[in-house]
Amino acid sequence: QTRLRHKMVNLSSNIYVIFWISISCGMILFNKAVLSQFDFPFPMFLTTWHMLLATGLTQLLSRYTDMLPGVKAKKVDRAVLKQQILPVSIFFAISLVLSNKAYIYLSVSFIQMLKAFTPVAVLIISYVLRLEKSSVMELNIVSIISVGVAMTSIGELDFNWIGFTFQFTALLAESGR
């Protein structure tokens, strides 16, 4: 019975992951279509709409499922909101707005290539803030990723400095989160 329960948990986790990735891909393509093909030049509005939708869905999850046990146990108080949730939310909102703005100027595939640089930015920020100690292996991995991102940037036919700046700043906000 324990083994069956473990398999069910793994299956439901896999379903959630597949659902999350599918929704994420759909949202990326939707954003690109709305912002560039339909000439909707309001990425802040689009981000606000997404945040409201995410808030509503989170509220539904917290009220009708057991997926957010910290909320039901009242472990989230003002101090946690102010010190942990608010900074993450601000960085997330900045990342979303700037990333959505980048869709006006850059292709989806190029933006996704630039997002491959996020682990590098996280690592660099961790080094600067002394949250992590550097190692030769990590520096080698970071160098390989950086060279790969640089190579894709050089080969991009529709390269735009404005879009690149928006996306790179979004990437820094995402890494700070």
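Above this text is the structure in question.
What counts as what
- Residues numbered from 1 in each chain as written.
- Predicted model: local features only at pLDDT ≥ 70, side-chain atom pairs only at ≥ 80, totals over all residues.
- Heavy atoms only, no water.
- Axes fitted to C-alpha atoms, helices over the stretch in contact; angles between N-to-C directions.
- Helix = DSSP H or I, 4+ residues; strand = E, 2+ residues; numbered from the N terminus.
- Parallel < 35°, antiparallel > 145°, perpendicular 65-115°, else oblique.
- Left-handed = near helix turned anticlockwise from the far one by under 90°.
- Contact = heavy atoms within 4.5 Å.
- Nonpolar A, V, L, I, M, F, W, Y, C, P; charged D, E, K, R; others polar.
- Phe/Tyr/Trp six-rings, centres within 6.5 Å; stacked < 30°, edge-to-face > 60°.
- Buried < 20%, exposed > 50% of the residue type's maximum accessible area, 1.4 Å probe, protein only.
- Core = buried A, V, L, I, M, F, W, Y, C linked by side-chain atoms within 4.5 Å.

Q: It is not clear to me how the packing of helix H4 (residues 78–105) against helix H8 (residues 161–176) should be interpreted in this structure. Could you clarify?
A: Between two packed helices, both the angle of their axes relative to each other and the distance between the axes serve to describe the pair. Taken N-terminus to C-terminus, the directions of H4 and H8 make an angle of 160 degrees; their axes are 8 Å apart at the nearest point. As far as their axial angle goes, H8 and H4 are roughly antiparallel. Viewed along their axes, H4 and H8 form a crossing whose handedness is left-handed. For the pair H4 and H8, contact is made by Phe91, Phe92, Ile94, Ser95, Leu98, Ser99, Lys101, Ala102 and Tyr105 and by Ile162, Gly163, Phe166, Gln167, Thr169, Ala170, Ala173, Glu174 and Gly176, respectively. Looking at the contact of H4 with H8 residue by residue, the classes come out as 10 nonpolar, six polar and two charged.

Q: Is there a simple way to think about the packing of aromatic side chains in this case?
A: Applying the stated rule across the entire model yields eight aromatic pairs. Summarising the aromatic geometry, the rings of Phe40 and Phe42 are spaced 5.2 Å apart at their centres and angled 75 degrees between planes, so their arrangement reads as edge-to-face. Given a relative accessible area of 26%, Phe40 falls into the partly exposed group. When the ring of Phe164 is compared with that of Phe168, the centres are 6.0 Å apart and the planes differ by 15 degrees; the resulting orientation is stacked. Within this pair, Phe164 and its partner Phe168 are both found in helix H8, separated by four residues, close to a single helical turn. One aromatic cluster is present, formed by Phe110, Phe159, Trp161, Phe164 and Phe168 through successive ring pairs.

Q: So what exactly am I meant to see when it comes to the nonpolar core here?
A: Proteins that are soluble and globular tend to have nonpolar side chains buried together. Ranked by size, the top nonpolar core spans 20 residues in total, and within it Tyr103, Leu106, Phe110, Ile111, Leu114 and Phe117 carry the most contacts. Every element with two or more residues in this core is listed here: helix H1 (2–37), H4, helix H5 (108–115), helix H6 (118–128), helix H7 (136–155) and H8.

Q: Explain the environment of Ile125 here, please?
A: By the secondary structure assignment, Ile125 is in helix H6. Among the residues examined, Ile125 registers a relative accessible area of 24% and is labelled partly exposed. Along the chain, Ile125 and Leu172 lie 47 residues apart, while their C-alpha atoms are 8.7 Å from each other. Every residue in contact with Ile125, bar those within four places of it in the chain, is listed here: Leu172, Ser175 and Gly176.

Q: Please explain unusual backbone geometry as it appears in this structure.
A: A negative phi holds for most residues other than glycine; trans holds for most peptide bonds. Of note, the phi angle at Asp39 is positive, near 50 degrees, even though the residue is not glycine. Following the sequence through the fold, Asp39 ends up in the loop between H1 and helix H2 (43–64). The phi dihedral of Arg130 falls on the positive side, at around 60 degrees, and the residue is not glycine. Following the sequence through the fold, Arg130 ends up in the loop between H6 and H7. By relative accessible area, Arg130 is classed as exposed at 76%.

Q: Help me out: how do you make sense of the environment of Lys82 in this one?
A: Note on placement: Lys82 falls in helix H4. Residues Lys82 and Leu131, spaced 49 residues apart in sequence, show a C-alpha to C-alpha distance of 21 Å.

Q: Hey, could you run me through the packing of H5 against H8 in this one?
A: It is at 10 Å that the axes of H5 and H8 come closest, and there the two elements cross at 35 degrees. When the axes of H5 and H8 are compared, the crossing they make is right-handed. Residues Phe110, Ile111, Leu114 and Lys115 of H5 form the contact with H8, whose own contacting residues are Phe164, Gln167 and Leu171. Classifying every residue of the contact of H5 with H8 gives five nonpolar, one polar and one charged.

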